[in-house]
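# Coordinate inspection notes
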Amino acid sequence: MDAAEDPTVRYGRVMLKISGEALMGDQGFGLHPPTVARIAAEVKTVHDLGVEICMVIGGGNIFRGLQGSAQGMERTTADYMGMLATVMNALAMQSALESIGVFTRVISAIPMDQVCEPYIRRRAVRHLEKKRVCIFAAGTGNPYFTTDTAATLRASEMNCEAIFKGTKVDGVYDRDPKKHPDARRYETVSYDEVLQKHLGVMDASAIALARDNRLPIIVFSLDEPGGFRGILAGNGTFTLVGG
Ligand code: UDP
């Protein structure tokens, strides 16, 4: 069924942002193929509705620039290594999606023609119109940024209606819910409150960019089976960052 025909789904084009760590399952590092397959299946359920899907996957399960620089590595070099890690994750997701019949393109901010496509905005838009899932890799292509900022940037460029940030918790809390059982989940929270209270939804540059482009961010749990599709229909538990 096309999204336009399904009254429960209000979105035509969305960005799904997941951290690299979401792909490592219970392992402490790297890729856990059954977990990648599970997330790919979640994406397929939304793709089957005709929703156009952009994805950005982090690289923290393999390498983070800040960790490298803390160990004495030059920061920009470490960041490029982090960006390359995101390409590996994007390829893993591409493989999982294509194995279940979802056509995809991996589009890298750093050209590497033998591996994936370079980022050309109009071409990416065309892929989306043809219902290919676009997985944007290598972040923004610049050191000192994160994949949260890359997701916000690409979502703005692709005219996505919202960013769906899949995490391990079902929204944004006033305190860490794993440490404080009485932590309170926000139903909605403004961009400015997220920034002022350091709520840790995304880094500050990503939040500011989303605010300036009036791009809502929906934070939800990726661990909930059927969660992504449910959230798109406005069901389940989540926090809406907007206003
Ligand atoms: N990175 C970067 N520029 C970008 C995006 C990412 O330099 O535009 C690097 C940075 O070193 C970062 C790493 O890639 O630590 C992995 O991305 P991120 O930390 O956002 O991954 P996540 O935490 O979402 O898994």
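Residues numbered from 1 in each chain as written. Predicted model: local features only at pLDDT ≥ 70, side-chain atom pairs only at ≥ 80, totals over all residues. Heavy atoms only, no water.

This brings us to the overall build of the protein. Within the protein, the regular secondary structure consists of eight helices and nine strands. Against the compact-globule benchmark of 18 Å for 243 residues, the protein has a radius of gyration of 17 Å, which places it among compact chains. Each principal axis of the C-alpha distribution contributes one length, and for the protein these read about 45 × 45 × 35 Å. For the protein, with 243 residues in total, the buried portion stands at 50%. When contacts within the protein are restricted to residue pairs at least 6 apart in sequence, those whose partners lie at least 24 apart make up 72%. In the protein, which carries 27 positive and 28 negative side-chain charges, the distance between the mean positions of the two groups comes to 3 Å. (Helix = DSSP H or I, 4+ residues; strand = E, 2+ residues; numbered from the N terminus. Rg over C-alpha atoms; globule rule 2.2 N^0.38 Å. Buried < 20%, exposed > 50% of the residue type's maximum accessible area, 1.4 Å probe, protein only. Contact = heavy atoms within 4.5 Å. Lys, Arg positive; Asp, Glu negative; His and termini not counted. Charge placed at Lys NZ, Arg CZ, Asp CG, Glu CD.)

Sheet strands pair by backbone hydrogen bonding; their relative direction is either parallel or antiparallel. If you trace the nine strands from one edge of the open sheet to the other, you get 4-3-5-2-1-6-8-9-7, paired in mixed fashion. With partners counted over all chains shown, the strands left at the sheet margins are strand 4 (117-118) and strand 7 (188-190), one partner each. As defined by bridge partners, strand 1 (residues 13-18) adjoins strand 6 (residues 162-167) across five bridges and the pair is classed as parallel. Bridge pairing in strand 6 links leucine 16 to phenylalanine 164. Here helix 5 (residues 147-157) sits on the sheet in contact with strand 1, strand 2 (52-57), strand 5 (133-137) and strand 6, set at roughly 175 degrees to strand 1. (Pairing = 2+ DSSP bridges. Axes fitted to C-alpha atoms, helices over the stretch in contact; angles between N-to-C directions.)

Take helix 7 (residues 204-212) next. Restricting attention to buried positions, one finds in helix 7 the residues Ala206, Ile207 and Ala210. Angularly, the buried residues of helix 7 cover 100 degrees about the axis, an arc narrow enough to put them on a single face. Of the surrounding secondary structure, the elements contacted by the buried residues of helix 7 are helix 5, helix 6 (191-196) and strand 8 (217-221). Downstream of helix 7 by one or two residues, arginine 214 has phi in the positive range, about 50 degrees. (Arc of directions from axis to C-beta.)

A few words now on the packing of helix 5 against helix 7. Contact geometry for helix 5 and helix 7: axes closest at 8 Å, N-to-C directions at 15 degrees. Looking at the two axes, helix 5 sits roughly parallel to helix 7. The way helix 5 lies across helix 7 gives a crossing that is left-handed. Between helix 5 and helix 7, the contacting residues are Asp148, Thr149, Thr152 and Leu153 on the first element and Ser205, Ala206, Leu209 and Ala210 on the second. For the contact of helix 5 with helix 7, the per-class residue count stands at four nonpolar, three polar and one charged. (Parallel < 35°, antiparallel > 145°, perpendicular 65-115°, else oblique. Left-handed = near helix turned anticlockwise from the far one by under 90°. Nonpolar A, V, L, I, M, F, W, Y, C, P; charged D, E, K, R; others polar.)

Here we take up the nonpolar core. Judged by nonpolar contacts, the single largest core of 39 residues is most densely connected at Ile18, Met55, Met93, Leu97, Ile135, Phe164 and Leu232. When residues of this core are traced back to their parent elements, those giving at least two are strand 1, helix 1 (33-47), strand 2, helix 3 (75-99), strand 5, strand 6, strand 8 and helix 8 (227-232). No other element matches the six residues that helix 3 contributes to this core. Residues in contact with methionine 55, not counting those within four places in the same chain, are Met15, Leu16, Ile18, Val43, Met93, Leu97, Val133, Cys134, Ile135 and Phe136. Counting 30 residues, the second-largest nonpolar core is a separate cluster that includes Ile163, Val194, Met202 and Val241. (Core = buried A, V, L, I, M, F, W, Y, C linked by side-chain atoms within 4.5 Å.)

Between two aromatic rings, the relevant description is the distance of the centres plus the angle of the planes. Here the structure, examined in full by the defined rule, presents five aromatic pairs. Both rings, one in phenylalanine 164 and one in phenylalanine 228, keep their centres 5.9 Å apart while their planes meet at 70 degrees; by these two values the pair is edge-to-face. One end of the pair, phenylalanine 164, is in strand 6; the other, phenylalanine 228, is in helix 8, with 64 residues separating them in the sequence. Take phenylalanine 164 and phenylalanine 228: they sit in the same class, and that class is buried. An aromatic cluster is defined as three or more aromatic residues linked by ring pairs; in this entry it consists of Tyr11, Phe164, Phe220 and Phe228. Stacked on the ring of tyrosine 186, the Lys or Arg arginine 184 has its end atom at 5.1 Å from the ring centre. (Phe/Tyr/Trp six-rings, centres within 6.5 Å; stacked < 30°, edge-to-face > 60°. Lys NZ or Arg CZ within 6 Å of the ring centre and 35° of its normal.)

This part covers the site of the ligand. Not every one of the 20 residues close to the ligand is listed here, only the nearest: Arg64, Asp79, Thr140, Asn142 and Thr147. Glycine 20 places a main-chain nitrogen or oxygen 2.8 Å from an oxygen atom of the ligand. Methionine 83 places a polar main-chain atom, nitrogen or oxygen, 3.4 Å from an oxygen atom of the ligand. With the chains in place, 92% of the 520 Å² that the ligand exposes on its own is no longer accessible. Tallied by class, the residues present in the shell around the ligand amount to five nonpolar, 12 polar and three charged. (Near = heavy atom within 4 Å. Polar contact = N/O pair within 3.5 Å; in protein donor to acceptor, adjacent residues only side chain to side chain. Areas by Shrake-Rupley, 256 points an atom, 1.4 Å probe, with all protein chains shown as cover.)

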